[in-house]
Amino acid sequence: MALFDKFTQGMITQISGKHLYYAFLAGAKRVLEEQHYLNKINVFPVPDGDTGTNMASTVQAIADNTIVYSGYKDTAMSVADAALLGARGNSGVIFAQFLYGTASDSPNSETISIEEFIESVKAGVKAAYESIANPVEGTIITLLRIWVEVMEELKSKTEDFVELLKLAYPALLQALQDTKKLLPKLAKAKVVDSGAQAFVFFIQGALEFLTTGTLKDLAGTRSQTIAETDEAHIDHEEIRFRYCTEGMMTLTVDVDLKDLRQQLSRLGDSIVVAGSRTRLRVHIHTDTPAKVFGILSRYGNVDFQKVDDMEFQHELLTKGAKSKIGLLIDSTADIPKALRFQHQMHLASLNLHVGKSQYLDRISITPNQFYRLLRRNNGKEKISTSQPSKKDFLDRYNFMATLYDSIICLNVSSKLSGTYQNSVDSAGRAAIATGKRISAIDTKLCSGTEGLVAVMTAEAIEAGFSHDEILKKINEWIPKSKLFVNTQSIKGFINSGRISKSKSVIANLLKLRPLITMDKHGSGDKIGNFRGQEKMIQHSLQIFKDDHEKSGIDRYCVCYTDQAELKKAEDVAEKMYQICGKKVDYITQLSPVLGSIGYNGAIEIAYVMK
């Protein structure tokens, strides 16, 4: 039996909030089923292979977060709000703005007529076009426009909403095929536009449900993930800007959206600015994400950020993955960017909060930027951190599942952050949905030791070891890893509340500085207090020497905070070389997330014993 009797026993002349919601669930289900295919045909605006994942994330947010009200407009606004919060990618943000414009122009009544529906959709199309700095025909925006134009032409032929959708559907299919004529990139690759195809899948799913669907058909649509399909290789072209950058913000001042798009246009392309008077969703392709968020912060508080490395994604899609096992790390694993790219490590960034502003660790704020900010801040604004969300991990696992047979994720110690818990929860969910093996590991490490183990894991993956063999190796490396943070000042510890002001007075009088390490359980620990950084570095190097003589050193690295400490870090690395006879694996900066807990002016040595 169909969900509503009208679907099978009569015409739908008035559209309710329930009609809208369940049609959206059905459309979302169809997009979720086809997201891998959508990723594979993604060549415009850039060939980063994630349109399917982005559109799936957008419609999943609608499915999971919409509230069905008695009134049509209230339900439509709930759909739009959910879409705006969950929107990802160029097409996803455009679609969210289309829904917001549609909902805003809907009559405030329990149900609406076909004529009222068409008028509201026309307003949605207008809002979608206005959200784009430079609208390009042959994309999802074209299909939205043609769809409403065809419904406008056909509305006199039927009083039945479902029949109208059926009559308009062939024109939508033709418009989809015509995207290849409008965009040379699509013609060359012999594919249709991925975002436009996602919209057709969405309408197809909704129409099938409204025609013959039952509530049972929609079971499991909430909290879905990906379903893989097969698709031919696409010859992708060069990417102009590296980072697909998105932000959600709460506005505190009035914004001239046209002026904002003009400011952003100096930093990149594919610009979409969507939202309402109080909330804004921004999408841009740029080389400088930090500058983008610097502009946005003038107008309010940035609540959410997402930055995807399109060149990295492009390399994976064109050259392929180096192995059958994917490796995901978090941003506290201090590894030089070039080394991370070399080993095709995927990155989940922790969040850094300075006052009301939010940053993505190592992505929307670099270490140098952060340590300059830290000096200027001087305790004036609260600095805190938070782990990547479950949704962020889920999205990354879903994307990686399209590339690898299995996935290993190395996480910062669960004693220091909730990152591991979100990672393992999302891994279980993604593994069930994709059928891929996903191992989320609590390394009980952080910073340099976490980074060294990540590099060793990547090398083992590339050497062809099996998933189980690598897990065994990781469990052997973790207890052989040691880290010592040689602090220069306790000012950061005072500002972050880790040392009380009364104790700080005594420490300063005696010129005592804490030497930080980690215990076997992954908790931060203090070896002791030393009079000055040089003495604690000497103590750390003595432990390093003792371990070298006892067990031997497999590899080591040195991390530092501010750029002014680079020379000192190089000197420490040279002393470690003199002790063990092996060159340092790398010297790199501590992540801003770790620097925020008081390690300004610090030198860290990290190593793994044989």
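Residues numbered from 1 in each chain as written. Predicted model: local features only at pLDDT ≥ 70, side-chain atom pairs only at ≥ 80, totals over all residues. Heavy atoms only, no water.

Draft legend 1. Geometry of the pattern of salt bridges. Under the criterion given, the structure shown has 31 salt bridges. Of the charged contacts in the structure, one is a salt bridge between glutamate 311 and arginine 242, with a shortest N-O distance of 3.3 Å. You can see glutamate 311 sitting in helix H14 (residues 310-318) and its partner arginine 242 sitting in the loop between helix H11 (194-212) and strand E3 (243-251), a full 69 residues away along the chain. Note that arginine 362 is salt-bridged to aspartate 334, the shortest N-O span being 2.5 Å. Of this pair, arginine 362 sits in the loop between strand E10 (357-360) and helix H16 (367-377) while aspartate 334 sits in the loop between strand E7 (325-330) and helix H15 (337-342), and the two are 28 residues apart along the sequence. Here arginine 362 and aspartate 334 have matching classes, each one buried. (Salt bridge = Lys/Arg side-chain N within 4 Å of Asp/Glu carboxyl O. Helix = DSSP H or I, 4+ residues; strand = E, 2+ residues; numbered from the N terminus. Buried < 20%, exposed > 50% of the residue type's maximum accessible area, 1.4 Å probe, protein only.)

Draft legend 2. Structural view of helix H20 (residues 467-477). Along H20, the residues that are buried comprise His467, Ile470, Leu471, Ile474 and Trp477. For H20, the angular spread of the buried residues around the axis is 125°, confining them to a single face. Those residues of H20 that are exposed and aimed more than 90 degrees away from the buried face are Lys472 and Asn475. (Arc of directions from axis to C-beta.)

Draft legend 3. Inspection of the packing of aromatic side chains at higher detail. Across all of its chains, the model carries 14 aromatic pairs by this definition. With a centroid separation of 6.4 Å and 85° between ring planes, the pair formed by phenylalanine 117 and tryptophan 147 is classed as edge-to-face. Taken together, the positions of phenylalanine 117 in helix H7 (residues 114-131) and tryptophan 147 in helix H8 (residues 140-154) put the pair 30 residues apart, joining distant regions of the chain. Among the residues examined, tryptophan 147 registers a relative accessible area of 8% and is labelled buried. With 4.9 Å between their ring centres and 80° between their planes, phenylalanine 544 and tyrosine 607 make a pair best called edge-to-face. Residue phenylalanine 544 is found in helix H23 (residues 533-550), and its partner tyrosine 607 is found in strand E19 (residues 603-609); the two are separated by 63 residues along the sequence. Each member of the pair, phenylalanine 544 as well as tyrosine 607, is classed as buried. Joined through ring pairs, the aromatic side chains of Phe24, Phe95, Phe98, Phe117, Trp147, Phe161, Phe199 and Phe202 make up one cluster. Here lysine 473 stacks its cationic end above the ring of phenylalanine 465, 4.4 Å away from the centre of that ring. (Phe/Tyr/Trp six-rings, centres within 6.5 Å; stacked < 30°, edge-to-face > 60°. Lys NZ or Arg CZ within 6 Å of the ring centre and 35° of its normal.)

Draft legend 4. Broad picture of the sheet that holds strand E9 (residues 351-354). Taken in spatial order, the three strands line up as E10-E9-E11 in an open sheet, and their pairing is antiparallel. Only two strands of the sheet have a single partner each, and these edge strands are E10 and strand E11 (383-386). Across the sheet, the axes of successive neighbouring strands diverge by a mean angle of 25°, strand direction being ignored. Direction of pairing for E9 relative to E10: antiparallel, over a ladder of four bridges. Counterpart to histidine 353 in the pairing with E10 is glutamine 358. (Pairing = 2+ DSSP bridges. Axes fitted to C-alpha atoms, helices over the stretch in contact; angles between N-to-C directions.)

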